Amino acid sequence: MTKETLKEKIIFFIEKERKKSFSMEEIAQGLGLQKSEDFKLLVQTVAQMEREQMVVFTKKGKVKLPLKPVLIEGTFRANERGFGFVTIDPEEDDIYIPKEATGYAMDGDTVAIDIIKTADFVMDRGAEGKVVEIRQRATTQLTGEFVAYTDEEVKETDLYGVVIPKDKKMNQFKVYAVAEGVRPVDGSIVMIEITHYPEKNYATSLEGIIKQVIGHKNDPGMDILSVVVSNGIPTKFPDDVLSEADQVPDKINEKDLLDRKDLRDQLIVTIDGEDAKDLDDAVTVKKLTNGNYFLGVHIADVSYYVTQGSQLDREAYERGTSVYLTDRVIPMIPQRLSNGICSLNPHVPRLTMSCEMEIDPNGQVVSHEIFPSVIQTTERMTYTAVNQILEEQDETVMKRYEQLVPMFQEMQELHHILETMRIRRGAISFEDREAKIMVEPDGHPIDILLRSRGVGERLIESFMLVANETVAEHFNKQHFPFIYRIHEQPKEEKMQRFFDFASALGIVVRGTKGTITPKDLQKVVEDVEEKPESAVINTMLLRSMQQARYSEDNFGHYGLAAEYYTHFTSPIRRYPDLIVHRLIRSYGQDPSETNQAYWEAELPEIADHSSKMERRAVEAEREVDAMKKAEFMMDKVGEEFEGIISSVVKFGLFIELPNTIEGLVHINELKQDYFHFIENHLALVGERTGLTFKIGQKVRVKVIKADPEERAIDFELIEAEEVLPLERPKTARKGRPTNQQTKQLKSRSERNGKKNPHTNERKKMKMATNKKSKKPFYKGIKKKKKK
């Protein structure tokens, strides 16, 4: 019998017996090892097991199993300096994991940890733990640049070469490509599937098999494609999906019109951006003799072509949403459908799902009908043209569309009624500052423009919102299982931080953190709209909100102050909208309890998956925007710009320029003093001078670095507007990280990854280690005269 086999028998024997501890004689008797040779082997094995901490001895010399630690599961967030943090609950402080206790966990892994030092609230010390077990790896594949080995090296190592990860979080790892599968050429951008993870003696090594060659590093557009693939977003449709799409006819026929209301004689238009190709919503409005308004919202009936259980449906579910990047769109369904038979192109019949509403002068829907239909749009309008008609009264444009001008004017009237209704009930309106990155054919950014939102954009938004609410309310009151777009009430902890911050600015917020209504928050936004702190309050309020998501349960939409809300209006690009259409058709044909039970079981998974795919798309879009903005600033190094402090963190100041570009003034560049982060004021305060930098402050900065690969822009502070200084803090304690430091280090680690659109974690991060300098580091604050 080997020692390893005997170890297993000893552990099995102790575990199955009711006693907790045993003498050596009891173990020998239980295992039938009374012979002298067997007993000697038993003693040697138990001694080895003690050294390996598999068993322990009591004070009386008996053997027992060690107490199993109470393990806590969470998500590991790596810091490039070797340590990390584990998030157990987003609302609680993270657990600090020292470098030597990470257990080879990688960023994003689900881990089990043992607490080795509890939190000390008196000394403001966070808890400390060690990773005991890695339960699920977050990284199963990655993209990077392939560096090829020579034939001799391949033969010697059985490796094709190494892959340099595109994700800078992974740059401490060496990723080896085994000599299997695809063998790319040097410089290829590849996707490698990880087969071996870090372990003892190989703490910084990964091994995998190259599954796909995406292209070459010198190919145009490869930077964006790398981001797409690294986020797990498919770039091509499978052959069976394309084959199924090819079988969909280009034109509708008579059998498609069965059980549909024919609306082809109505005056119906689409209103979209100039470059839109997938037109999925059309509208019509007319004022009624009773003073009410008739609104028809007609949405492409994608579910008629993407049928349940088809290959098209499977692929649309997996993608969840279309992804809109700087110079391309990755569609949810093949373009043959999205730009063809499903697109509501002008002057041709198209199948739609319609929601017709009668709306009174107070913005209330007094009657409605939801049904399958067929329409033929009169005109393909653009936001620009509608704005020229309604805002500029451009005579040339008005003449061209004179048949439609009266309807657009009535649309404007109805929009103002609906907008007033939403404001009256408390919907929170944030002024969007969305940028459009203009690029050359090779993908190089040449300009960044702010998107304008005229009455054309806003009226379509109003009509889509009221249609979404009407559909959601209809099916909720029918008590049918349904999918909703929900936005839950902010959590008390986050709202308390907002209250503290607002009061520091002298702003009174009505309500309490647990019962505050959207109308209370809307009043705050309105009160500061014309004040300098407007941007600050909007930023903090947005951070206090929960993330909207899809759910089979109706919790309402807090931000819109809507009791019922869903997504019905964009089935070409969002899977939940397609499901809403499918539910409308399904319940129309079969409202039985059996059918309802089927959907009740299906919808939770669809809602959860759709929410995850939406977040994936948003992360990819943010990464690409940050990368292109950094690329745009590369030739601006040395130039100066005006901006405001958009965020204040432990390691510095984020500065936002008027065109939405954001960069970091690292705390190490603030050499005049030692700066402390005051969280409830979102400010950095100098320990000796009292110099204060806080969110919303106007500054002038110089670009000192722009790195597209790191998605990072670094600024130097040239001058800043004077602000009232905050109270200077006491000197920070040394030693194990405080709760405050833990939050900031963890925050910095997150900036290394997909959660933050501004930057990956910078390679030279230091926690407030700036040296004092006699030389002024910026000009904006006047020096006090000596008395």
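Just so we're clear, the structure is a prediction, and the values are computed from it rather than from any experiment.

## Thoughts on the side chain of Arg 585
As for its placement among the helices and strands, Arg 585 is situated in helix H17 (residues 575-589). Using a relative accessible area of 19% as the deciding quantity, one classes Arg 585 as buried. Of note is the side chain of Arg 585, whose polar atom sits 2.8 Å from the side chain of Ser 303. For Arg 585, the contacting residues outside a window of four places in its chain are Arg 260, Asp 301, Ser 303, Tyr 304 and Met 353.

## Remarks on the state of the cysteines
Within this structure, the stated rule accounts for zero disulfides. Between Cys 342, a free cysteine, and Cys 355, which holds the nearest cysteine sulfur, the sulfur-to-sulfur gap is 20 Å. Residue Cys 342 is classed as buried on the basis of its relative accessible area of 2%. On the basis of relative accessible area, Cys 355 is assigned to the buried category, the value being 0%.

## Some points on the side chain of Asp 301
Here Asp 301 shows up in the loop between strand S16 (293-300) and helix H7 (302-305). Polar side-chain contacts of Asp 301 include one of 2.7 Å to the side chain of Arg 260. Once you skip the residues sitting within four places of it in the chain, Asp 301 turns out to touch Arg 260, Leu 351, Thr 352, Met 353, His 581 and Arg 585.

## Some thoughts on the packing of aromatic side chains
Working definition: an aromatic ring pair is given by the centre-to-centre distance plus the angle between the planes. Applying the stated criterion across every chain yields a total of 14 aromatic pairs. Arranged with centres 5.7 Å apart and planes meeting at 55 degrees, the rings of Phe 85 and Tyr 96 form a pair that is tilted. Of this pair, Phe 85 sits in strand S4 (residues 84-87) while Tyr 96 sits in strand S5 (residues 95-97), and the two are 11 residues apart along the sequence. For Phe 85, a relative accessible area of 0% puts it in the buried group. Looking at Tyr 96, the relative accessible area reads 16%, which means it is buried. Between Phe 475 and Phe 482, the aromatic rings sit 4.9 Å apart at their centres with planes inclined by 5 degrees, giving stacked as the arrangement. Relative accessible area serves as the criterion here: at 1%, Phe 482 is assigned to the buried category. A connected cluster of aromatic rings, assembled from ring pairs, spans Phe 475, Phe 480, Phe 482, Tyr 484 and Tyr 587. The ring centre of Tyr 304 lies 5.0 Å from the NZ or CZ of Arg 260, which sits over that ring. Of note, Lys 636 hangs over the ring of Phe 632, and the distance from its end group to the ring centre comes to 4.0 Å.

## Focus: a negative patch on the surface
Taken together, the side chains of Asp 89, Glu 92, Glu 492 and Glu 493 define an acidic patch exposed on the protein surface. Examined against the element boundaries, Glu 493 turns out to sit in helix H14 (residues 492-504).

## Considerations on the domain arrangement of the chain
Considered domain by domain, the chain is made up of domain 1 (6-64), domain 2 (72-136), domain 3 (141-219), domain 4 (240-484 + 563-617) and domain 5 (634-720). The C-alpha centroid of domain 3 is placed 47 Å from the C-alpha centroid of domain 1.

## Digging into the environment of Leu 279
Inspection of the secondary structure puts Leu 279 in the loop between strand S14 (269-272) and strand S15 (281-287). C-alpha of Leu 279 to C-alpha of Lys 64: the two residues are 215 residues apart in sequence and 71 Å apart in space. For Leu 279, the contacting residues outside a window of four places in its chain are Thr 270, Asp 272, Cys 342, Ser 343, Leu 344, Asn 345, Arg 380 and Ile 572.

## Topic: the UniProt feature "domain: S1 motif" (unreviewed entry) in the chain
Mapped onto this numbering, the UniProt entry gives "domain: S1 motif" (unreviewed entry) at residues 638-718. Within the segment residues 638-718, helix and strand shares are 0% and 59% respectively, and the terminal C-alpha atoms sit 12 Å apart.

Conventions we followed
- Residues numbered from 1 in each chain as written.
- Predicted model: local features only at pLDDT ≥ 70, side-chain atom pairs only at ≥ 80, totals over all residues.
- Heavy atoms only, no water.
- Helix = DSSP H or I, 4+ residues; strand = E, 2+ residues; numbered from the N terminus.
- Buried < 20%, exposed > 50% of the residue type's maximum accessible area, 1.4 Å probe, protein only.
- Polar contact = N/O pair within 3.5 Å; in protein donor to acceptor, adjacent residues only side chain to side chain.
- Contact = heavy atoms within 4.5 Å.
- Disulfide = S-S within 2.5 Å.
- Phe/Tyr/Trp six-rings, centres within 6.5 Å; stacked < 30°, edge-to-face > 60°.
- Lys NZ or Arg CZ within 6 Å of the ring centre and 35° of its normal.
- Patch = residues over 30% accessible without salt bridge, like charges linked within 9 Å, V, L, I, M, F, W, Y side chains within 5 Å.
- Areas by Shrake-Rupley, 256 points an atom, 1.4 Å probe, with all protein chains shown as cover.
- Salt bridge = Lys/Arg side-chain N within 4 Å of Asp/Glu carboxyl O.
- Lys, Arg positive; Asp, Glu negative; His and termini not counted.
- Charge placed at Lys NZ, Arg CZ, Asp CG, Glu CD.
- Domains from an automatic or database assignment.
- UniProt positions renumbered as here; feature names shortened; annotations may be inferred.

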